[in-house]
Amino acid sequence: MKKIPNIHPGEILQEEFLAPLNITAYRLSKETHIPATRISEIIHGRRSITADTALRFGTFFEVSPEFWLGLQLEYDLREVQQARKKDLAKISSYTAFVM
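Residues numbered from 1 in each chain as written. Predicted model: local features only at pLDDT ≥ 70, side-chain atom pairs only at ≥ 80, totals over all residues. Heavy atoms only, no water.

Attention now goes to the UniProt feature "domain: HTH cro/C1-type" (unreviewed entry) in the protein. If you check UniProt for "domain: HTH cro/C1-type" (unreviewed entry), the listed places come out as residues 21-68 in our numbering. Taken end to end, residues 21-68 is 67% helix and 0% strand, and its two terminal C-alpha atoms sit 17 Å from one another. (UniProt positions renumbered as here; feature names shortened; annotations may be inferred. Helix = DSSP H or I, 4+ residues; strand = E, 2+ residues; numbered from the N terminus.)

In structure tokens form, the structure reads like this:
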């Protein structure tokens, strides 16, 4: 089975919001009062979307902040799951423990 790549929320921001709406990162920065460096770092996958950023993106794009936080949570979980794959495989489930 082929693995689906883990997509950072910044890539979704760029490809699904900024590009189709013809909005620059600079304009997003100005409209949301988020430093341009933070927007750039998010787009390039070097920074996470915080609750504050999610609220600002949600307000600007008229989507829920939970959408943005959900993207970040899913990304983070997949990253940690991959990094800890061997450790997680060593853990028995609770039901195996009580039987």
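Back to the text.
By the secondary structure assignment, Ser-29 is in helix H2 (residues 25-32). Judged by relative accessible area, Ser-29 falls into the buried class, the value being 6%. Sequence-wise, Ser-29 and Gln-72 are 43 residues apart; in three dimensions their C-alpha atoms are separated by 19 Å. Those residues within four positions of Ser-29 in sequence are excluded, and the remaining contacts are Ile-34, Pro-35, Ala-36 and Ile-39. Engagement of the side chain of Ser-29 in a polar contact is seen with the backbone nitrogen of Ala-36, the distance being 3.2 Å. (Buried < 20%, exposed > 50% of the residue type's maximum accessible area, 1.4 Å probe, protein only. Contact = heavy atoms within 4.5 Å. Polar contact = N/O pair within 3.5 Å; in protein donor to acceptor, adjacent residues only side chain to side chain.)

Looking at the secondary structure, you find Thr-32 in helix H2. Using a relative accessible area of 4% as the deciding quantity, one classes Thr-32 as buried. Beyond its immediate stretch of four places on either side in the chain, Thr-32 contacts Arg-56 and Phe-60.

When the terminal C-alpha atoms of helix H1 (residues 9-21) are compared, their 17 Å separation across 13 residues agrees well with the 18 Å that a helix rising 1.5 Å per residue should span. For H1, the set of buried residues is Pro-9, Gly-10, Ile-12, Leu-13, Phe-17 and Leu-18. Those residues of H1 that are buried lie in contact with H2, helix H3 (36-43), helix H4 (51-61) and helix H5 (65-83). (Expected span 1.5 Å × (residues − 1).)

Counting 16 residues, the largest nonpolar core has Leu-13, Leu-18, Leu-28, Phe-57, Phe-61 and Trp-68 as the members making the most contacts within it. When contributions to this core are tallied by element, the ones reaching two or more residues are H1, H3, H4 and H5. The biggest single contributor to this core is H1, with four residues. With sequence-adjacent residues up to four places away left out, Leu-13 is seen in contact with Leu-18, Leu-28, Ile-42, Ile-43, Phe-57, Phe-61 and Trp-68. (Core = buried A, V, L, I, M, F, W, Y, C linked by side-chain atoms within 4.5 Å.)

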